[in-house]
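Tertiary structure, described
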Amino acid sequence: MQNPYQNYMQKAGETMTPAERTAAVYDRCITELQKAVYYIDNNSIPEAHKSITKVQDIIDFLEGHLVEKYEISNSFAELYSFLRQELLTANIKKDTEKLKEIIPYFQNLKDSFTEMSKKGM
């Protein structure tokens, strides 16, 4: 049996448009990166690692769902590859500055998909 919060989140996900779901995924990346910065600053290295790898897993998931016949998919694949490499470097070095540099990429993506959802795309 799901708890009420899990039930609510499942229903919310089912009623979102694809653009809204994608924006929510990017928002989750932002949250996890902010948590990673906090954890590193507070010397909670295992928790930081966990947050960073969650973002890496999300990128892997998103990249795995790109449709190759669309030209923009190539651009997203290149961006995801870049972000994956930056996250890997940040995770190895536990580099909060690198993580802070990555966050705006996800913020811009989130904002773009939020705008698309407002336009009914």
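Summarised in this report is the structure supplied together with it. Here the structure is a predicted model, which means the values were calculated and not measured.

1. Some thoughts on the packing of aromatic side chains
- Summed over the entire model, instances satisfying the criterion amount to 6 aromatic pairs.
- Between Tyr26 and Phe106, the aromatic rings sit 6.3 Å apart at their centres with planes inclined by 50 degrees, giving tilted as the arrangement. Pair noted here: Tyr26 is in helix H2 (residues 18-41) and Phe106 is in helix H5 (residues 96-118), with a separation of 80 residues, a long-range link.
- Ring centres of Phe76 and Phe113 lie 6.3 Å apart, and the angle between their planes is 50 degrees; on these two criteria the pair is classed as tilted. With Phe76 in helix H4 (residues 71-93) and Phe113 in helix H5, the pair connects residues that are 37 residues apart, well separated along the chain. Note on accessibility: Phe76 and Phe113 belong to one class, buried.
- Among the aromatic side chains, those forming a connected cluster through ring pairs are Tyr26, Phe76, Tyr80, Phe106 and Phe113.

2. Quick notes on the packing of helix H3 (residues 45-64) against H4
- As a packed pair, H3 and H4 sit with axes 10 Å apart at the nearest point and diverge in direction by 165 degrees. Of the possible angle classes, the one that applies to H3 and H4 is roughly antiparallel. Like other packed secondary-structure pairs, H3 and H4 cross with a definite hand, here left-handed. Across from His49, Ile52, Thr53, Val55, Gln56, Ile59, Asp60, Leu62 and Glu63 in H3, the residues of H4 making contact are Ala77, Tyr80, Leu83, Arg84, Leu87, Leu88 and Asn91.
- Residues that form the contact of H3 with H4 fall into these classes: 9 nonpolar, 4 polar and 3 charged.

3. Some thoughts on the side chain of Thr96
- Along the chain, Thr96 turns up in helix H5.
- Taking the relative accessible area as the measure of exposure, Thr96 reaches 13% and is therefore buried.

How each quantity is defined
- Residues numbered from 1 in each chain as written.
- Predicted model: local features only at pLDDT ≥ 70, side-chain atom pairs only at ≥ 80, totals over all residues.
- Heavy atoms only, no water.
- Phe/Tyr/Trp six-rings, centres within 6.5 Å; stacked < 30°, edge-to-face > 60°.
- Helix = DSSP H or I, 4+ residues; strand = E, 2+ residues; numbered from the N terminus.
- Buried < 20%, exposed > 50% of the residue type's maximum accessible area, 1.4 Å probe, protein only.
- Axes fitted to C-alpha atoms, helices over the stretch in contact; angles between N-to-C directions.
- Parallel < 35°, antiparallel > 145°, perpendicular 65-115°, else oblique.
- Left-handed = near helix turned anticlockwise from the far one by under 90°.
- Contact = heavy atoms within 4.5 Å.
- Nonpolar A, V, L, I, M, F, W, Y, C, P; charged D, E, K, R; others polar.

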